[in-house]
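Coordinate inspection notes
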Amino acid sequence: MVTAGLSVIAALLGYVGLTDYLNKQPEYAGAEPFDRLYYTLQLFILSPTPLGSPPYGPMLSIAMYLAPLTTVLAVLQAVSAVFRARFAAWVLLRKRGHSVVVGAGPAAFVLARRLAETRPTVLVGSRIGSDVASRDAVRVVDGDPTDEATLRAAGVRGAAQVFALDNSGAVNASVALLVRSLHHAGVAVYARADEGDLVAALRARRLGVDGHNGYRLDFFSIEDVAAVALLDVHDRDLERTAVVVGSDRFAHAVERDLIRRRRRVGTPVAGRVVRIDDEASAARSAGTVYVSASDANDVLRRGLRLLLAGNDRVVLCLGQRSGLADALEQRLFDDVQGRLAVFGVLDAACDPALLERGALVEQLARALHARYLVEYAGSSPAQDSHVPWEQLDERYRADNRAQAEHIGTKLAEIDAIIVPAAPDLPPFTLAEGPQGDVEKLARMEHDRWMAARKQAGVTYGEERTARTHPDMLDWDAGLSENAKEKDRMFVRGLPTLLEAEGLAIVRIPGVALDI
């Protein structure tokens, strides 16, 4: 802008100064305005045709220096812009540990902005302009996200996380496959799939496949992730009635999670979780009413009617929170008294921490650690792993994740796979005995655990220390019965562990799992 301003000043001074100068030159006295404009433009390239001997006058003298200066500045800026773009692309190709977000919708931009608060973030395939994104420290790479060159330009080879949030599940699947082929090691990919049943099926299938070079892939639904965040806040009393008003995907996701939470603790569902399509059918409820619809105006209309009808608590589920949310919750109605709340679906779902925590392996790892704490509560001597997950050292968290990731590999050894839970599935049992399923899978778990400990430099020792462990023995070479029973308990608990996540085990003889 400074260069442009100086250029305008130089042109004005040059035109006026040349007009005065040419009027004093007989051979140019009849120059037309277009001729004087042409001569003025020549000032910017140091070769004005009519200039002869001085005096030139103050305005023309200033323009004679200012015009070529602005030309030099413009050239330097152009070169600088090209160099910066090239340098930024070069840096991206070599960047490590950053996040890459793929997608053209608002969800991708919301997530990229959140990620940029804590780590460098690149947004791919977005319609957001680079000038807008730069305000939130987000780097934008244009192009087709399913093209290998585009992902390379985004530095996906060195990314720690890749979030595929395109509206098309096919695009997200293509991105996940490309990342697997491009990345050197240790990347976590989160791919969006809108249908809840499809997400469960893809997650179950993925858990049965070994990772490649530390590649971790998880599928998620924006609606399911947001439903968990919503109910973590508003569904603390599982004995209370919950009514879901709406028929869109988010309404179904809220209903599913309400049912899952009650089943997990053994609370009856019948009569406590109700979903209806129209608020006119909703009776006055002593519990919480969740209102969802694809149109925000419908949410507001339905929610306010239910509130005025005397329902104890109404939660309006909108795409994103805005200033209207604060007005509705606090100032617009004097008699609301905390009975109305507004929830932003995208605001909650596009939370990096929530997406990472909601990954299936992460949920299973947390569940495994919770079971471990229950089994060894009060045991002596106390170990540094006897703490809640939030306080657990990262190496123990990694151990739990590795144990969860290996579940599918174990089940493949007994011709079983993981599938979404359904009422018509055949019953599954684990055979006991020396040659049974429990013993076989317990051996595999011990072998996996011992291999991981060896890789970490742990050896056998009668006392448990940072470098020694009394269980560093082969299954048939002196391993204590107490240690074996720990592995058997883990295996016996697998059906219950998976059931809590909406998954089940099915035995299919001869099934091939190496995809």
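This structure is a prediction, so every number in the text was calculated from the model and none was measured. (Residues numbered from 1 in each chain as written. Predicted model: local features only at pLDDT ≥ 70, side-chain atom pairs only at ≥ 80, totals over all residues. Heavy atoms only, no water.)

Under the definition given, this model contains 28 salt bridges. One salt bridge in this structure joins R249 and E223, with 3.7 Å as the shortest N-O distance. Taken together, the positions of R249 in helix α10 (residues 249-264) and E223 in helix α9 (residues 222-234) put the pair 26 residues apart, joining distant regions of the chain. Residue E223 is classed as buried on the basis of its relative accessible area of 11%. (Salt bridge = Lys/Arg side-chain N within 4 Å of Asp/Glu carboxyl O. Helix = DSSP H or I, 4+ residues; strand = E, 2+ residues; numbered from the N terminus. Buried < 20%, exposed > 50% of the residue type's maximum accessible area, 1.4 Å probe, protein only.)

Our next topic: the nonpolar core. Counting 48 residues, the largest nonpolar core has L230, F250, V254, Y290 and F343 as the members making the most contacts within it. The leading source of residues in this core is helix α4 (residues 106-116), at eight residues. Apart from residues lying up to four places away in sequence, L230 is in contact with F250, V254, Y290, V315, C317 and F343. One finds I418, F428, L441 and L494 within the second-largest nonpolar core, a separate group that totals 28 residues. (Core = buried A, V, L, I, M, F, W, Y, C linked by side-chain atoms within 4.5 Å. Contact = heavy atoms within 4.5 Å.)

Next up on the list: the sheet that holds strand β9 (residues 288-292). Sheet architecture is open: five strands sit in the order β8-β7-β9-β10-β11, paired in parallel fashion. Two strands in the sheet have a free side with no partner beyond their single neighbour: β8 (273-276) and β11 (340-344). Going from strand to strand, the sheet's axes swing by 20° on average, the running direction of each strand aside. Bridging between strand β7 (residues 242-245) and β8 involves four bridges; their strand directions are parallel. Note on β8: the bridge partner recorded for V244 is R275. Lying on the sheet, α10 is in contact with β7, β8, β9, β10 (313-318) and β11; it crosses β8 at an angle near 170°. (Pairing = 2+ DSSP bridges. Axes fitted to C-alpha atoms, helices over the stretch in contact; angles between N-to-C directions.)

Okay, the pairing of β9 next. Across the five residues of β9, five count as buried, placing the element largely inside the fold. Side chains T288, Y290 and S292 project from β9 onto one buried face, and the interleaved V289 and V291 project onto a second face that is buried too. Both β7 and β9 contribute to a ladder of four bridges, which runs parallel. For V245, the partnering residue across the bridge sits in β9 and is V291.

Relative to the helices and strands, S61 resides in helix α3 (residues 58-94). For S61, a relative accessible area of 26% puts it in the partly exposed group. In this structure the C-alpha to C-alpha distance between S61 and G14, which are 47 residues apart in sequence, comes to 8.3 Å. Polar contacts involving the side chain of S61 include one to the main-chain carbonyl oxygen of G57, which spans 2.7 Å. (Polar contact = N/O pair within 3.5 Å; in protein donor to acceptor, adjacent residues only side chain to side chain.)

Further remarks concern the sheet that holds strand β1 (residues 99-102). Two orientations exist for strands paired in a sheet by backbone hydrogen bonds: parallel and antiparallel. Ordered in space as β3-β2-β1-β4-β5-β6, the six strands form an open sheet in which the pairing is parallel. Two strands close off the open sheet at either side, each with one partner strand: β3 (138-141) and β6 (216-220). Sheet twist, expressed as the average angle between the axes of neighbouring strands with direction ignored, equals 20°.

Where helix α15 (residues 360-375) meets helix α16 (residues 394-405), the axes come as close as 8 Å, and the angle between the chain directions of the two elements is 115°. Classified by the angle between their axes, α15 and α16 sit roughly perpendicular to one another. Judged by the sense of rotation from one axis to the other, the crossing of α15 with α16 is right-handed. Judged by residue contacts, V361, E362, L364, A365, L368 and H369 of α15 engage N400, R401, Q403, A404 and E405 from α16. When grouped by side-chain class, the residues that make up the contact of α15 with α16 number five nonpolar, three polar and three charged. (Parallel < 35°, antiparallel > 145°, perpendicular 65-115°, else oblique. Left-handed = near helix turned anticlockwise from the far one by under 90°. Nonpolar A, V, L, I, M, F, W, Y, C, P; charged D, E, K, R; others polar.)

Here we come to the pairing of strand β2 (residues 121-124). Working note: regular strand, side chains alternate between the two faces of the sheet. Of the two faces of β2, the one lined by T121 and L123 and the one lined by V122 and V124 are each fully buried. Taken together, the four bridges between β1 and β2 define a ladder with parallel strand orientation. Looking at the pairing, V100 lines up with V122 of β2.

One non-glycine residue, A137, lies in positive phi territory at about 60°. Relative to the assigned elements, A137 resides in the loop between α5 (130-134) and β3. Phi is positive for D415, close to 55°, though the residue is something other than glycine. Summarising the element assignment, D415 is placed in the loop between α17 (407-412) and β12 (416-420).

Turning our attention to α4. The element α4 is largely enclosed, with a buried count of eight among its 11 residues. Inspection of α4 places A107, A108, F109, V110, L111, A112, L115 and A116 among the buried residues, and these make up the whole buried set.

Of the residues in the protein chain, 89% have a pLDDT of 70 or more, and the chain-wide mean is 83. Across residues 331-335, confidence stays below pLDDT 50; counting only partners more than four residues off in sequence or on other chains, it has four contacts. (pLDDT = per-residue confidence, 0-100.)

Time to look at the packing of helix α18 (residues 437-455) against helix α19 (residues 481-492). Contact geometry for α18 and α19: axes closest at 8 Å, N-to-C directions at 115°. When the axes of α18 and α19 are compared, the pair comes out roughly perpendicular. The crossing of α18 and α19 is right-handed. In contact with V438, E439, L441, A442, E445 and H446 of α18, α19 contributes D487, R488, F490, V491 and R492. A class-by-class count of the residues in the contact of α18 with α19 yields five nonpolar, one polar and five charged.

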